[in-house]
There are 2 protein chains.
Amino acid sequence: MDINKDQNTEQAILEVAEKLFLDKGFAMTTTTEIAKAVGCNQALVHYYFRTKEKLFTTIFEHKAKLFISQFIKVSDENIPFMDKLKQKVEAHFDLLKENPKLPFLLFNELTTNPERAKSIKEALSYIPKTIFTKLNEELKVEIENGRIRPISAFDLVYTIVSLNVMLFIAKPIFDAVLDFSPQDYSDFIERRKHENVKIIIESLKP
Amino acid sequence: MDINKDQNTEQAILEVAEKLFLDKGFAMTTTTEIAKAVGCNQALVHYYFRTKEKLFTTIFEHKAKLFISQFIKVSDENIPFMDKLKQKVEAHFDLLKENPKLPFLLFNELTTNPERAKSIKEALSYIPKTIFTKLNEELKVEIENGRIRPISAFDLVYTIVSLNVMLFIAKPIFDAVLDFSPQDYSDFIERRKHENVKIIIESLKP
DNA sequence: TGAATATTTAATAGACCTATTAAATATGGA
DNA sequence: TCCATATTTAATAGGTCTATTAAATATTCA
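The following refers to the structure shown.

Description of the relation of the copies chain A and chain B
Working step 1: Once chain A has been moved 0.0 Å along the axis and rotated by 180°, it coincides with chain B to within an RMSD of 0.1 Å. Here the two chains are linked by the operation of a two-fold rotation axis. It is serine 162 of chain A whose C-alpha, among those of chain A, lies nearest the rotation axis, at 2.8 Å.
Working step 2: Looking at chain A, 100% of its interface residues are interface residues in chain B too, so the copies touch through the same face.

Considering helix α6 (residues 102-112) of chain A
Helical geometry note: an α-helix holds 3.6 residues per turn, so side chains three or four residues apart project in the same direction.
Working step 1: Among the 11 residues of α6 of chain A, 11 are classified as buried, and the element is accordingly described as predominantly covered.
Working step 2: All buried positions along α6 of chain A are accounted for by Leu102, Pro103, Phe104, Leu105, Leu106, Phe107, Asn108, Glu109, Leu110, Thr111 and Thr112 of chain A.

Considering the side chain of threonine 159 of chain B
Working step 1: Residue position: threonine 159 of chain B is located in helix α9 (residues 153-169).
Working step 2: Assessed through its relative accessible area of 2%, threonine 159 of chain B is described here as buried.
Working step 3: Residues within four places of threonine 159 of chain B in sequence aside, it is in contact with Leu163, Arg192 and Ile199 of chain A together with Ile200 of chain B.

What about the environment of phenylalanine 107 of chain A?
Working step 1: Secondary-structure assignment places phenylalanine 107 of chain A in helix α6.
Working step 2: Residue phenylalanine 107 of chain A is classed as buried on the basis of its relative accessible area, which comes to 5%.
Working step 3: Each C-alpha atom of the pair phenylalanine 107 of chain A and valine 177 of chain A lies 21 Å from the other, and the pair is 70 residues apart in sequence.
Working step 4: Once residues within four sequence positions are removed from consideration, phenylalanine 107 of chain A is found in contact with Val165 and Ile169 of chain A together with Phe104, Met166, Ile169, Ala170 and Ile173 of chain B.

A closer look at the packing of helix α8 (residues 130-144) of chain A against helix α9 (residues 153-169) of chain A
All names here are of chain A.
Working step 1: Closest axis-to-axis distance for the α8/α9 pair is 9 Å, and the angle between their directions is 105°. One element, α8, and the other, α9, form an angle in the roughly perpendicular class. Contacts between α8 and α9 involve Phe132, Leu135, Asn136 and Leu139 on the former and, on the latter, Ala153, Phe154, Leu156 and Val157.
Working step 2: For the contact of α8 with α9, the per-class residue count stands at seven nonpolar, one polar and no charged.

Some details on the interface of chain A and chain B
Working step 1: Chain A puts 45 residues into the contact, and the matching count from chain B is 45 residues.
Working step 2: Approximately 4200 Å² of surface area, both sides summed, lies buried where chain A meets chain B, with 71% of it carried by carbon and sulfur atoms.
Working step 3: Seen at the junction of chain A and chain B, the total is eight salt bridges.
Working step 4: For glutamate 195 of chain A, the salt bridge identified is with arginine 149 of chain B, shortest N-O distance 2.6 Å.
Working step 5: Viewed at the interface, chain B and chain A are joined by 14 residue pairs in polar contact (both at pLDDT 80 or more).
Working step 6: Of all elements in the fold, only α1 (9-24), α6, α7 (117-124), α9, α10 (171-176) and α11 (182-203) of chain A reach the threshold of two or more residues within the side of chain A that touches chain B.
Working step 7: Sort the elements by how many residues they give to the side of chain A that touches chain B and α9 of chain A lands first, with 11 residues.
Working step 8: When the residues that make up the side of chain A that touches chain B are grouped by side-chain class, the tally is 26 nonpolar, eight polar and 11 charged.

Concerning helix α1 (residues 9-24) of chain B
Working step 1: When the terminal C-alpha atoms of α1 of chain B are compared, their 22 Å separation across 16 residues agrees well with the 22 Å that a helix rising 1.5 Å per residue should span.
Working step 2: Buried within α1 of chain B are the following residues: Thr9, Ala12, Ile13, Leu14, Val16, Ala17, Leu20, Phe21, Leu22 and Asp23 of chain B.
Working step 3: Tucked into the core, α1 of chain B has its buried residues touching α6 of chain A together with α2 (31-38), α3 (42-49), α4 (52-72) and α6 (102-112) of chain B.
Working step 4: The N-cap residue of α1 of chain B is asparagine 8 of chain B: its side-chain oxygen and the backbone nitrogen of glutamate 10 of chain B are 2.9 Å apart.

About the thresholds
Residues numbered from 1 in each chain as written. Chains lettered and ligands numbered in written order. Predicted model: local features only at pLDDT ≥ 70, side-chain atom pairs only at ≥ 80, totals over all residues. Heavy atoms only, no water. Least-squares fit on C-alpha atoms with pLDDT ≥ 70 in both. Contact = heavy atoms within 4.5 Å. Buried < 20%, exposed > 50% of the residue type's maximum accessible area, 1.4 Å probe, protein only. Helix = DSSP H or I, 4+ residues; strand = E, 2+ residues; numbered from the N terminus. Axes fitted to C-alpha atoms, helices over the stretch in contact; angles between N-to-C directions. Parallel < 35°, antiparallel > 145°, perpendicular 65-115°, else oblique. Nonpolar A, V, L, I, M, F, W, Y, C, P; charged D, E, K, R; others polar. Buried area = accessible area lost by both parts, 1.4 Å probe. Salt bridge = Lys/Arg side-chain N within 4 Å of Asp/Glu carboxyl O. Polar contact = N/O pair within 3.5 Å; in protein donor to acceptor, adjacent residues only side chain to side chain. Expected span 1.5 Å × (residues − 1).

Below you can see the structure in the form of structure tokens.
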């Protein structure tokens, strides 16, 4: 071992593997490469995690649960619905900004290897059903009071997620095709953060 | 050769490879598998296309150019801006519906193998710059006449593409995580087609 | 028909990958 | 210190993949 001699090898493997899986997906990442990046023997990756699949699952489930639990964190309940909505949309954006490659990994693994769906479903089951129920109830009150047009929680969430997630999934397009500099990209997504909130709020008007 | 004995082998390879690349991406598709699906010897894939990379590039560039040229097709010029916008958003949706896996392939290849960016850039350069210029001019007129709020062509396009494309990229999530049946999915995206138009129109109000 | 060319096949080189094994080395506690 | 256990290494089995080659077969056309 070269690097990371100080810290836990198992942890080092997890960290390096997470970065590589997020960068290039499951198929394009090899255990040989992970070991090399950690600075350890390739057999060690299997010693600690047995298979590449298990290593991936461990990392993905941990990452997904962390993401979801961070998002779930209740915000101040005693504020108007629209303010809370703005808060949530921005919190979703911020969380994506901290985990910009997670959505792609989810899409990638679910698309190229549907057998992994079960493990991913397991990881995502951490999203309580109650979230949708609760949102639907809140929406119902707003709709009945004529403050917003009729809309389902699912549709609202779809709009939010689409507008926010695409900022990060499409980054390689902005970089390669549109020749965005890092500054261009940074400016763009920050501007869109507010634009997205505006569009979502606007789309709810009765 | 078993199947496709009637038709051109080269063409058969292209068709089968296109399906497989779209289904599973470049990395997860093997030339052996392509040959097997075509019903020919694996060496034939290399005989006609030399390398897997060349085969992929041929297919991708053709697909991308087709998609773009179909979208570019001018619609009736003599209708109000908002009507044209609605037409375009729906045309974009319809085109995606016919090529539901193309966006993912684009993201996948650009993300997992950035070296391929050049060839993809080449394929996408088929999008004339004038499109954005023209849209910006049309927007300017609408803005100056107070019919819509100030917005850039790029932002408008981002909103349209995000809302439409996510319907298809996220399909594996709807299927696996939300247990959508084919009918559920079909109903959902058709509803969203109109919902997306509404959101986009609404988001432009002054 | 028969020679030139095109297509197809079987075989395989060469690379790399995952996973395992046995042996070597390090570590911690009695 | 010394033994038991944990960690690490080198070596390798066994598989698959891309790409090439030479030989076999089919097709074309003079």
